[in-house]
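# Fold and contact review
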Amino acid sequence: DTEVTQTPKHLVMGMTNKKSLKCEQHMGHRAMYWYKQKAKKPPELMFVYSYEKLSINESVPSRFSPECPNSSLLNLHLHALQPEDSALYLCASSPGGIATNEKLFFGSGTQLSVL
Amino acid sequence: AQKVTQAQTEISVVEKEDVTLDCVYETRDTTYYLFWYKQPPSGELVFLIRRNSFDEQNEISGRYSWNFQKSTSSFNFTITASQVVDSAVYFCALSGFTGGGNKLTFGTGTQLKVEL
């Protein structure tokens, strides 16, 4: 299994809702990432977990809350989002820890719309 | 600070034409890695190549080739005999060890459209 699987593929939520994005990989990778990508822009790093510990938080607002329950699973909990948070949220993984500069394996993303 | 510049926002070619995507980077790290990723309309970024700063050999993989020149801080990507399936956004990216490693700095991307 060489895939990173993200669910749901599409999500529409109101500003008062609470929702979660899920990411799963079964390649034994030890680093997992959340990226945010606005239309026609490059991906922007949000969070990195290395060996199930949060290693990088790129000053992301607290309405985004990451969670890594185990080495295969990464969640992004969403609460009280703003319309400007509408974007494609990409999950990625890499075999080693964060300092290895290895290639990333990306999921196909969750397209989020905040109304 | 790291920076990646992809000056070409959009390129349109006719199938079977060769096309080169430009990438220029800036970094203070002496050891760093350069990447190219492809993002088709389906959304996921697909890894194409990784190069480290000590390896300036050009590389060819099928219809793809990469030209890494440290002297000009460039890492250009050429597709030979382009095909409609090559239509995608292509991102050049840089990763160094400043700030803990594996924090990719992406360029703004080049949208490649290959038409029949």
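Placed above this text is the structure.
Basis of the calculations
Residues numbered from 1 in each chain as written. Chains lettered and ligands numbered in written order. Predicted model: local features only at pLDDT ≥ 70, side-chain atom pairs only at ≥ 80, totals over all residues. Heavy atoms only, no water. Salt bridge = Lys/Arg side-chain N within 4 Å of Asp/Glu carboxyl O. Helix = DSSP H or I, 4+ residues; strand = E, 2+ residues; numbered from the N terminus. Buried < 20%, exposed > 50% of the residue type's maximum accessible area, 1.4 Å probe, protein only. Polar contact = N/O pair within 3.5 Å; in protein donor to acceptor, adjacent residues only side chain to side chain. Contact = heavy atoms within 4.5 Å. Core = buried A, V, L, I, M, F, W, Y, C linked by side-chain atoms within 4.5 Å. Phe/Tyr/Trp six-rings, centres within 6.5 Å; stacked < 30°, edge-to-face > 60°.

Attention now moves to the pattern of salt bridges. All names here are of chain A. Throughout the structure, instances matching the rule amount to 8 salt bridges over all chains. With its nearest N and O atoms 4.0 Å apart, the salt bridge here joins K36 to D85. Of this pair, K36 sits in strand β4 (residues 31-37) while D85 sits in the loop between β8 (73-79) and β9 (87-94), placing them 49 residues apart in sequence. Of the two residues, K36 and D85, both sit in the buried class.

Turning our eyes to something else, we now look at the side chain of S93 of chain A. All names here are of chain A. Secondary-structure assignment places S93 in strand β9. Looking at S93, its side chain comes within polar contact range of the side chain of H29, at 2.7 Å. Setting aside anything within four residues of it in sequence, one finds S93 in contact with V4, Q25, M27, H29, A31, M32, Y33, K103, L104 and F105.

Let us now look at the nonpolar core. Residue and element names in this part refer to chain B. Within the largest apolar cluster, 24 residues are counted, with the highest numbers of intra-cluster contacts made by W36, W66, F77, Y90 and L112. Of all the secondary-structure elements, those providing two or more residues to this core are β2 (10-14), β3 (19-21), β5 (32-39), β6 (46-52), β8 (64-69), β9 (74-79), β10 (88-96) and β12 (110-115). Per-element tally for this core: the top contributor is β10, with 4 residues. Contact partners of Y90, with chain neighbours within four places excluded, come to Q6, L21, W36, Y37, K38, L48, Y64, F77, I79, G109, T110 and L112.

Time to look at the packing of aromatic side chains. What characterises a pair of aromatic rings is the spacing of the ring centres plus the angle enclosed by the ring planes. Going through the model one piece at a time under the given rule, you end up with 18 aromatic pairs over all chains. Consider the rings of Y37 of chain B and F47 of chain B, whose centres lie 5.8 Å apart with planes at 70°: the pair is edge-to-face. With Y37 of chain B in strand β5 and F47 of chain B in strand β6, this residue pair connects regions lying 10 residues apart in the sequence. For Y37 of chain B, a relative accessible area of 0% translates into the label buried. Through pairs of rings, three or more aromatic residues link up here, namely Y33, Y35 and F106 of chain A together with F35, Y37, F47, F91 and F106 of chain B.

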